[in-house]
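# Notes for the structure review
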Amino acid sequence: AQSVAQPEDQVNVAEGNPLTVKCTYSVSGNPYLFWYVQYPNRGLQFLLKYITGDNLVKGSYGFEAEFNKSQTSFHLKKPSALVSDSALYFCAVRDRDAGNMLTFGGGTRLMVKP
Amino acid sequence: GAVVSQHPSRVICKSGTSVKIECRSLDFQATTMFWYRQFPKQSLMLMATSNEGSKATYEQGVEKDKFLINHASLTLSTLTVTSAHPEDSSFYICSARDRQFLYGYTFGSGTRLTVV
């Protein structure tokens, strides 16, 4: 079985400050890891993914995430938050050795205040 | 990049009627399509997975006679909510992947279904 935990329902940060949205995962095999962002009444937009290789993954809109195998974490980060980053963020995992299914975390709402 | 077009974006229907939601992959072949349901302020719940030309595999608790999924071609999958009831009101999102996993998972823009 595979699972994803996003321990924070909401993260508040001031514009210009660094932000971190936490994600931990559990899979039996090796993970594919993803971050998506969702704006109100919209589908999910892809931010970045870890498949293999460098543990630090850079994605869209200045976001990055670091794959930490020992801590089974894949936290999303950005050095300087923008008000327009305010949205709902989902971490997701797929066990590459166990089929197609993508499992989502519960989501974290990011609020960036001016 | 890969794009999945989902229509309609919003639909309001009367109880007892059926609603069809379409997802098309515009620039890649969607060998597998996933259908999700999202309740307000909640995460995505996988409803079913379909491979082109095969019957869909439904998750536990999802009524396959109510949520009909067709994936007849490599670029089109449809979800039909039959005999809709107010409790079916939700946000439905499709996602597609290609055989080689070149584009990861590409999501449609979602459909807000309201049953009155």
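Residues numbered from 1 in each chain as written. Chains lettered and ligands numbered in written order. Predicted model: local features only at pLDDT ≥ 70, side-chain atom pairs only at ≥ 80, totals over all residues. Heavy atoms only, no water.

### Thoughts on the confidence of the model for chain B
For chain B, mean pLDDT is 91; residues scoring 70 or higher make up 98% of the total. Mean pLDDT across the elements of chain B bottoms out in strand 10 (residues 106-107) of chain B (90) and peaks in strand 2 (residues 10-13) of chain B (96). (pLDDT = per-residue confidence, 0-100. Helix = DSSP H or I, 4+ residues; strand = E, 2+ residues; numbered from the N terminus.)

### Details of the sheet that holds strand 7 (residues 67-73) of chain B
Residue and element names in this part refer to chain B. The strand order across the open sheet formed by four strands is 1-3-8-7, and the pairing between neighbours is antiparallel. Whereas interior strands pair on both sides, the edge strands pair on one side only; in this sheet they are strand 1 (4-7) and strand 7. Put simply, the sheet's adjacent strands are angled 15° from each other on average, direction ignored. Note that strand 1 and strand 3 (residues 19-25) share four bridges and pair antiparallel. Bridge pairing in strand 3 places S5 opposite R24. (Pairing = 2+ DSSP bridges. Axes fitted to C-alpha atoms, helices over the stretch in contact; angles between N-to-C directions.)

### A look at the state of the cysteines
Linking two cysteines covalently via their sulfur atoms produces the bond known as a disulfide. Tallied over the entire structure, the rule returns two disulfides over all chains. Here A:C23 is linked by a disulfide to A:C91, with a sulfur-sulfur distance of 2.0 Å. With the S-S dihedral at roughly -60°, the linkage between A:C23 and A:C91 falls on the left-handed side. Remark: A:C91 occurs in strand 10 (residues 87-95) and A:C23 occurs in the loop between strand 3 (19-21) and strand 4 (24-26); sequence separation between them is 68 residues. Here B:C23 pairs with B:C94 through a disulfide, and the sulfurs are 1.8 Å apart. (Disulfide = S-S within 2.5 Å.)

### Some points on the interface of chain B and chain A
Listed per partner, the contact involves 21 residues of chain B and 18 residues of chain A. With both chains or domains summed, chain B and chain A bury close to 1,600 Å², and 56% of this area falls on carbon and sulfur atoms. In this structure, the connection of chain B to chain A is made through zero salt bridges. Counting across the interface, chain B meets chain A through four residue pairs in polar contact (both at pLDDT 80 or more). Of all the elements in the fold, those that place two or more residues in the side of chain B that touches chain A are strand 4 (32-38), strand 5 (44-51) and strand 9 (90-97) of chain B. The element that contributes the greatest number of residues to the side of chain B that touches chain A is strand 4 of chain B, accounting for four residues. Classifying every residue of the side of chain B that touches chain A by side-chain character gives nine nonpolar, eight polar and four charged. (Contact = heavy atoms within 4.5 Å. Buried area = accessible area lost by both parts, 1.4 Å probe. Salt bridge = Lys/Arg side-chain N within 4 Å of Asp/Glu carboxyl O. Polar contact = N/O pair within 3.5 Å; in protein donor to acceptor, adjacent residues only side chain to side chain. Nonpolar A, V, L, I, M, F, W, Y, C, P; charged D, E, K, R; others polar.)

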